[in-house]
Structures are given as C-alpha cells and as structure tokens.
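Single-letter residue listing:
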Amino acid sequence: MHREIAKGVYYVGVDDHHTELFENLWALPHGVSYNSYLIVDEKVALIECVKEPWSAEWLANIREIVDPSKIDYVIINHMEPDHTGALPDLAKVAKKAVMVYTYKASDMQKSFYNVPLREKIVEDLEELSLGSRTLRFIHAQFLHWPETMMTYDTQECVLFSCDAFGSFGALNGSHFDDEIDMRMVESESRRYLSAIITSYLKFIRQGIAKIKGLNLELKLVAPSHGPIYRRNPMWIVDHYLEWSSPDLEKNCIIIYGSMYGFTYRIAMMLKKQLAELGVEVKTHNVSYSEMSRIITDTMRAGVIVFGSPTYDAFPFPRIQTVIDEMETKRFAKRPIGLFGTYGWGGGGIKKLQEQLEGLGFSILDPVISVHGQPTPQEVGNCRRLAQVIADLIR
Ligand SMILES: Cc1cc2nc3c(=O)[nH]c(=O)nc-3n(C[C@H](O)[C@H](O)[C@H](O)COP(=O)(O)O)c2cc1C
Ligand SMILES: [Fe+2]
Ligand SMILES: [Fe+2]
C-alpha cells in the first residue's frame, strides 16, 4: 500500500514484523520499517530500496503508482542492505533507471550487487532536476557509513534523511508523527540511535550543523526507518542533537551480572544508598536487559558502575560483552565504579579494573571486592562509594 505524503511524493516502504534482531543484534519488539519514497514529476525518482525479502511487496506498492519500467532514477542514500537488498530485483524491471549515489557508494554497489544499471555519481550539494522540482544531495559521511548522503526535495521541502533521524518500530499504516504515540517514538528512536549510530555521535552533530547551515526549509523530515515528521520536523532533529551531546547526564547506572544473588544483593544495596543520597540511579541485569537498552541508558550516564562475580577467574561473561560494546561504540570517558563477589581466589574485578583503565576510564575508589557476603566494613565501603558518586554527580 502506498500513500501520498506531499505533492507527487509517495511512501512506498514496507513494515518488517518478522526480523527479531535488527542487524542480527538489536531487539525489534515493535518491528521496523524500511521506508522508500517515489517522486513522480516529469521524471520519476525512487528514493531508497528495501531489505531483500520485502522486494515483492515493495514493487507492488510502486506498481500502484507507476510501472517500474518508467523509473528514471533510483536514489540510493546509503548502501546498507536494509535499503539496497531489493536493488537486484528492481534492476530486473526498472531497466532504464539510473542509480544516483556518492562515489563511495558506487564502489560498494559494485562489490555488493553489480547490477546492470547505469550510475550517476553526485557530489556534495549537487542538484538534479526532475522537471518541476529539483533534488539536492547532501553528503552525510559516517551517518553512519562512509558513503551516506541525504536527499532534499527543494519544491516540497522534504528531507530524505536516510538512517539519521530514524527509529525502530513498524508503522502499521500510521506514517506521520501526529498519527503515532510519541512516547513510543521517543524511546524507539533513542534506542535506534544508541544501537546504530553511537560510534559516530560526532557525525550526527556535524550532519545537523550542516543541515542547519544550509538553511533548508523543512516541511517534512522523512527518514528511512520509522515515522515521517510533519507536525514538528525539528522534534527529531533536536532530540538527535540532545542524544548525541557530549555532555553527560547527572545520573548513575549500575550494570551487574549475578548467578546466585551475591552480587545482586550488593547492587541493590548500592542502589538504595545512592537513592538515599538523592542520586538518580538505573540498574540493568546483564542477563535480562537487552543490549540496546543497556547501551541507551549507559551512553550518556554520568557515572557507570559495574558489578560482577568472578567466573573462572574472569569477570562475568556478559559484563565483558557490555565493555566490548563501550569500546567499539567509543563511549566518552568517565568515572567507573566497580564491585563484585567471588568464592575463592577472585580476580574478576581486578581484571575489569585493568581492562577499563587500559581503555582510558578512571576507576573510583573504593573498589569493592567481596568474598561471599559483605562484612560490615565492606558495607561501609559501599556507602563510601555511593558518597563519592553522589559528590561527582552534584
Ligand atoms: C561457573 C562458576 C565459575 C566461578 N569461577 C570462580 C573463580 O574463578 N574464582 C572465584 O573466586 N570464584 C568463582 N566462582 C564463585 C563466584 O564468583 C561466587 O560464588 C560469587 O559470589 C557468585 O556471585 P553471584 O551469586 O552474584 O553470581 C565461580 C562460580 C561459578 C558458578
Ligand atoms: Fe544503515
Ligand atoms: Fe537502515
């Protein structure tokens, strides 16, 4: 099913309610949409394709408006296969279409698919006339791949922003911000940004500065996942700006793992002590919290605290996974608190400390390493750590 979203601009994207993990990593409890847009002017331009298994549904949406053989341009803002997997199927029926993309996308296209369509490589801010309207291409390097660009319809003032300003969550026929529960959009777009783009926060801010510098009138922000913003197109831009800010939040997150409850009880004690000191504190049990939620809550937390039992002389395996994410996602450096329990020789907490210091994080004193149940002195140490954290956050 298609829908006209502006004069001559049609939504022809699809909902995915089948994929459980986006990129086979991030949970999709509400699905996800692969947005694609068709512009019908003197020339016909298609913006983005969809993920490969949805090509038949997508081509059917296009056929409701035009025969795909009439498509003049396929504008590919980004080569990731959630937006290009269906390109080979399109190429079979849109034989005269010219692929429009950046120089770096050209190289990727050839190595990914090598479809028998002609290509047009566009420079930053280059324009392409479709007849009554002109499209302008805005390179957006590392938002979130090196070849990424955005496309702007200068007549209808629509910014096709690709993954930037995107959100998890299928659309279910409600395409616009004024048709969807915005509390859900807020949490799903923040989780999307945190999972997909956290490694490139600087590029989000550069991209937004570039868009603002171009003084584009924005009637619609139309990303490649999630809702289209028309009631308040700047809502998502401003939220992306806030979520990518290098300023840390005045809060603390405790991420812990626990097999039998020893470490868990210390996590809860520390949480209570922090709360009594007026610190806003969230907790995640690494075994039950989905990773993208942990990343979302951790990426800008003022202080991070890890709690881990020793497991075969190492930290709890899933705690290790969070630290790997913090490294690859280039988390801003900040103080980290550590506590843990052990049954005999210990060592998990010491290894965590060495590793985090090696990554450039500072470790708060005291580090709490408990043999079984905490002694009264260790309970006092916990309280001291809570005080140190409270003082830092204030
Ligand atoms: C599979 C497994 C491996 C463990 N490996 C170690 C170890 O190498 N060194 C150690 O001191 N304790 C080890 N322990 C003991 C735990 O670290 C200790 O019981 C801890 O307090 C458990 O905390 P939890 O209840 O929060 O999981 C191990 C326990 C389990 C179940
Ligand atoms: Fe992407
Ligand atoms: Fe995407």
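Residues numbered from 1 in each chain as written. Chains lettered and ligands numbered in written order. Predicted model: local features only at pLDDT ≥ 70, side-chain atom pairs only at ≥ 80, totals over all residues. Heavy atoms only, no water.

Caption draft 1: Broad picture of the nonpolar core. Residues Trp-58, Phe-165, Tyr-240 and Phe-306 are the most contacted members of the largest nonpolar core, which totals 87 residues. In terms of residues, this core owes the most to one element, helix α5 (residues 182–196), which gives 6 residues. When residues of this core are assigned to domains, at least three fall in each of domain 1 (3–243) and domain 2 (249–393). Not counting residues up to four positions away in its chain, the partners in contact with Phe-165 are Leu-159, Ile-208, Ile-211, Val-221, Pro-223, His-225, Tyr-229, Ile-236, Val-237 and Tyr-240. (Core = buried A, V, L, I, M, F, W, Y, C linked by side-chain atoms within 4.5 Å. Buried < 20%, exposed > 50% of the residue type's maximum accessible area, 1.4 Å probe, protein only. Helix = DSSP H or I, 4+ residues; strand = E, 2+ residues; numbered from the N terminus. Domains from an automatic or database assignment. Contact = heavy atoms within 4.5 Å.)

Caption draft 2: Inspection of the site of ligand 1 at higher detail. Among the 17 residues in the neighbourhood of ligand 1, the closest are listed as Ser-258, Met-259, Thr-263, Thr-310 and Ala-313. The separation between an oxygen atom of ligand 1 and a polar side-chain atom of Ser-258 is 2.6 Å. Protein chains shield 85% of the accessible area of ligand 1, which is 640 Å² for the free molecule. Elements represented by at least two residues in the shell around ligand 1 include exactly α8 (262–276), β19 (301–311) and β21 (335–342). Here the shell around ligand 1 takes 3 residues from β19, the largest share from any one element. Across the shell around ligand 1, the residue classes tally to 8 nonpolar, 8 polar and 1 charged. (Near = heavy atom within 4 Å. Polar contact = N/O pair within 3.5 Å; in protein donor to acceptor, adjacent residues only side chain to side chain. Areas by Shrake-Rupley, 256 points an atom, 1.4 Å probe, with all protein chains shown as cover. Nonpolar A, V, L, I, M, F, W, Y, C, P; charged D, E, K, R; others polar.)

Caption draft 3: A look at the sheet that holds strand β2 (residues 9–11). Judged by pairing direction, the sheet is mixed, and its 7 strands sit side by side in the order β1-β2-β7-β8-β9-β10-β11 without closing on themselves. Of all the strands in the sheet, the pair left with one neighbour each is β1 (3–6) and β11 (118–121). Recorded for the sheet is a direction-independent mean angle of 25° between the axes of neighbouring strands. Helix α4 (residues 103–112) rests against β10 (98–101) and β11 of the sheet, and its axis sits at about 130° to β10. (Pairing = 2+ DSSP bridges. Axes fitted to C-alpha atoms, helices over the stretch in contact; angles between N-to-C directions.)

Caption draft 4: A look at the domain arrangement of the chain. Per the domain assignment, the segments making up the chain are domain 1 (3–243) and domain 2 (249–393). With centres defined by C-alpha atoms, the gap from domain 1 to domain 2 works out at 39 Å. Summed over both sides, the interface of domain 1 with domain 2 buries roughly 1200 Å², with 50% coming from carbon and sulfur. Our enumeration of links across domain 1 and domain 2 arrives at 2 salt bridges. (Buried area = accessible area lost by both parts, 1.4 Å probe. Salt bridge = Lys/Arg side-chain N within 4 Å of Asp/Glu carboxyl O.)

Caption draft 5: Spatial organisation of the coordination of the iron ion (ligand 2). In the first shell of the iron ion (ligand 2), the protein supplies His-78 (NE2), Glu-80 (OE), His-144 (NE2) and Asp-163 (OD), at 1.9 to 2.2 Å from the metal. In this structure, the iron ion (ligand 2) is coordinated by 4 donor atoms arranged in irregular fashion, with angles at the metal of 86 to 170°. Metal-to-metal, the separation of the iron ion (ligand 2) and the iron ion (ligand 3) is 3.4 Å; Asp-163 coordinates the two. With a gap of 66 residues between them, His-78 in the loop between β9 (73–75) and α2 (81–84) and His-144 in the loop between β13 (134–139) and β14 (149–153) connect regions that are remote in the sequence. Here His-78 and His-144 have matching classes, each one buried. (Donors = N, O, S within 2.8 Å, 3.2 Å for Na, K, Ca; no water. Tetrahedral: all angles 85-135°; square planar, octahedral: opposite > 155°, others 65-115°.)

Caption draft 6: Structural view of the coordination of the iron ion (ligand 3). Protein-derived coordination of the iron ion (ligand 3) comes from Asp-82 (OD), His-83 (NE2), Asp-163 (OD) and His-225 (NE2), at a distance range of 2.1 to 2.3 Å. Each of the 4 donor atoms bound to the iron ion (ligand 3) contributes to angles spanning 83 to 172°, and the resulting shape is irregular. Considered as a linear motif, the donors of the iron ion (ligand 3) on their single chain read D-H-x79-D-x61-H. Classification of Asp-82 as buried rests on a relative accessible area of 7%. Owing to a relative accessible area of 0%, Asp-163 belongs among the buried residues under this scheme.

Caption draft 7: Fine view of the side chain of Asp-177. Assignment of secondary structure puts Asp-177 in the loop between β15 (158–162) and α5. Despite its burial, Asp-177 pairs with no opposite charge; the closest candidate is Arg-231, at 4.7 Å N-O. If sequence neighbours within four positions are ignored, Asp-177 has contacts with Met-182, Pro-227, Ile-228, Tyr-229, Arg-230, Arg-231 and Asn-232. (Lys, Arg positive; Asp, Glu negative; His and termini not counted.)

Caption draft 8: Summary view of a nonpolar patch on the surface. Side chains of Met-259, Tyr-260, Phe-262 and Tyr-311 sit close together on the surface and give an oily, nonpolar patch of about 460 Å² of accessible area. Residue position: Phe-262 is located in helix α8. Residue Phe-262 is classed as partly exposed on the basis of its relative accessible area of 37%. (Patch = residues over 30% accessible without salt bridge, like charges linked within 9 Å, V, L, I, M, F, W, Y side chains within 5 Å.)

Caption draft 9: Quick peek at the pairing of β11. Sheet topology places β10 next to β11; 4 bridges connect them, and they run parallel. Bridge pairing in β11 places Met-99 opposite Glu-119. Between the parallel elements β10 and β11, the chain passes through α4 in a crossover that is right-handed. (Right-handed = clockwise from strand over helix to strand, strands pointing away.)

Caption draft 10: Main features of the packing of aromatic side chains. Following the criterion strictly, the structure yields 15 aromatic pairs and no others. Plain terms: the ring middles of Phe-22 and Phe-168 are 5.4 Å apart, the flat faces sit at 65° to each other, and that makes the pair edge-to-face. Of this pair, Phe-22 sits in strand β4 (residues 21–22) while Phe-168 sits in the loop between β15 and α5, and the two are 146 residues apart along the sequence. Measuring from ring centre to ring centre gives 6.2 Å for Tyr-311 and Phe-316, while their planes differ by 75°; the resulting arrangement is edge-to-face. (Phe/Tyr/Trp six-rings, centres within 6.5 Å; stacked < 30°, edge-to-face > 60°.)

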